[in-house]
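This is what each chain is made of:
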Amino acid sequence: LIYFYRKPKTKRAKRFLEKREPKLKENTKNAMLIKGGNANLTVTEVLKDIYAVKKPFAVLYKKKNITRPFEDQTSLEFFSKKSDCSLFLFGSHNKKRPNNLIIGRMFDYHVLDMIELGVEKFVSLKDVKNSKCPEGTKPMLVFAGDVFDVNEEYRRLKSLLIDFFRGPSVPSIRLAGLEYVLHFTAVDGKIYMRSYKVLLKKSGCKIPRIELEEMGPSLDLVMRRTHLASDDLYKLSLKQPKALKPKKKKNISHDVFGTTYGRIHMQKQDLAKLQTRKMKGLKKRPAEKSAEDGGVSPKKSKSA
């Protein structure tokens, strides 16, 4: 296939294309939330609440889209390219799979992996009458359950959830900014998603007392179908450019305790010419000096 590149005619179009060009440090991943052709009220409310949590790094499509991601992925790839989104959440509902959610991610505008989840219980944001976190708050993600580290499908789901909810990368954090917790628990074949607001209370010392207040939304999920990328494709998607990899420093090593050792290369030294501490005990006698010179020392001339 031959693709023809058409140059932008306006500066605005040029800036738009430059934003989408590959970069060493990529932009924050955006998510698109798509409603299926037969989505019910529960699925619609779930998509709205996830959109409220993800804002401003999300796009919500309000119109219904008749598509089946596990059968045909062209529609998702089209929307991904149109909205420049590498994450997606698709909601649908039918008799065979009620209250259905499909969460996934893209690689080069093609579906990398996606996992189908069924909503068994849902409590929305508006049902919990507590104070909410401001828009764009970066959440703290907590995962509980051994199955997240043992089972390959749950391990990939954990990676996908981290990708979806992690938000922008920040160089530093402050204590007051840690005010939102997303907790995922996997037990007995179900995944429980809970969200809490962190309250910092007075404790009488510098470290405040921490309390968690349920904020919503909360979901009880069950895993259904999965579409996972092959190991080679998954490894390719994690590849970093050489410019981002830390340069290896020569002659520096570390031991198991974290101690840094450095090796210094010097020219070969003549130890005979090494300057030592000057003291009378190390001072050479005249006989030793003459022996080194290889001859007899000349007699001193007598003074007149």
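These figures come from a predicted structure and were not determined experimentally.

This next bit is on the overall build of the chain. When its secondary structure is counted, the chain shows seven helices and twelve strands. Taken over C-alpha atoms, the radius of gyration comes to 33 Å for the chain, far larger than the 19 Å a tight globule of 304 residues would show. Expressed along its principal axes, the backbone C-alpha trace of the chain runs to roughly 125 × 65 × 40 Å. Among the 304 residues that make up the chain, the fraction classed as buried is 30%. Of the accessible surface of the chain, which amounts to about 22600 Å², a share of 54% is contributed by carbon and sulfur atoms. Each charge class in the chain was averaged separately, 66 positive and 33 negative side chains, and the resulting centres sit 10 Å apart.

Okay, the UniProt feature "domain: Brix" (unreviewed entry) in the chain next. In the UniProt entry, the feature "domain: Brix" (unreviewed entry) is given for residues 29-232. Taken end to end, residues 29-232 is 22% helix and 41% strand, and its first and last C-alpha atoms sit 22 Å apart.

As a further point, take a positive patch on the surface. A cluster of basic residues, Lys11, Arg12, Lys14, Arg15 and Lys19, forms a positive patch on the protein surface. Along the chain, the position of Arg15 falls in helix α1 (residues 11-20).

All chains considered together, the criterion is met by seven aromatic pairs. Ring geometry for Phe165 and Phe184: centres 6.0 Å apart, planes at 40 degrees, overall tilted. With Phe165 in helix α5 (residues 152-165) and Phe184 in strand β7 (residues 180-187), this residue pair connects regions lying 19 residues apart in the sequence. Residues Phe165 and Phe184 agree in their burial class; the two are buried. Clustering of aromatic rings is evident, with ring pairs tying together Phe143, Phe148, Tyr154, Phe164, Phe165 and Phe184. It is Arg156 that lies over the ring of Tyr234; its NZ or CZ is 4.0 Å from the centre. One residue, Arg225, lies across the ring of Phe70, its end atom 4.3 Å from the ring centre.

Moving on: the environment of Arg209. For Arg209, the location among the structural elements is in strand β9 (residues 209-214). Placed ten residues apart in sequence, Arg209 and Leu199 show a C-alpha to C-alpha distance of 8.2 Å. Here the side chain of Arg209 touches Glu211 through a polar contact of 2.4 Å, side chain to side chain.

Glancing now at helix α2 (residues 41-54). Between its first and last C-alpha atoms α2 spans 20 Å; for 14 residues at 1.5 Å apiece the expected length is 20 Å, and the two agree. Listed in full, the buried residues belonging to α2 are Val43, Thr44, Glu45, Val46, Leu47, Asp49, Ile50, Val53 and Lys54.

Below, the discussion takes up the pairing of strand β8 (residues 190-201). Two strands pair when backbone bridges link them, and β7 and β8 are joined in this way by eight bridges, in the antiparallel orientation. The residue bridging His183 from the neighbouring strand is Arg194, located in β8. In textbook terms, the turn of a hairpin is the stretch between consecutive antiparallel strands, and for β7 and β8 this stretch comprises two residues, one of which, Asp188, has a positive phi near 55 degrees. Pairing geometry for β8 and strand β10 (residues 218-227), over four bridges, is antiparallel. Paired with Lys190 across the bridge in β10 is Val222. The pairing of β8 with β9 spans six bridges and is classified as antiparallel. Across the sheet, residue Lys197 finds its bridge partner in β9, namely Glu213.

What counts, and where the lines are drawn
Residues numbered from 1 in each chain as written. Predicted model: local features only at pLDDT ≥ 70, side-chain atom pairs only at ≥ 80, totals over all residues. Heavy atoms only, no water. Helix = DSSP H or I, 4+ residues; strand = E, 2+ residues; numbered from the N terminus. Rg over C-alpha atoms; globule rule 2.2 N^0.38 Å. Buried < 20%, exposed > 50% of the residue type's maximum accessible area, 1.4 Å probe, protein only. Areas by Shrake-Rupley, 256 points an atom, 1.4 Å probe, with all protein chains shown as cover. Lys, Arg positive; Asp, Glu negative; His and termini not counted. Charge placed at Lys NZ, Arg CZ, Asp CG, Glu CD. UniProt positions renumbered as here; feature names shortened; annotations may be inferred. Patch = residues over 30% accessible without salt bridge, like charges linked within 9 Å, V, L, I, M, F, W, Y side chains within 5 Å. Salt bridge = Lys/Arg side-chain N within 4 Å of Asp/Glu carboxyl O. Phe/Tyr/Trp six-rings, centres within 6.5 Å; stacked < 30°, edge-to-face > 60°. Lys NZ or Arg CZ within 6 Å of the ring centre and 35° of its normal. Polar contact = N/O pair within 3.5 Å; in protein donor to acceptor, adjacent residues only side chain to side chain. Expected span 1.5 Å × (residues − 1). Pairing = 2+ DSSP bridges.

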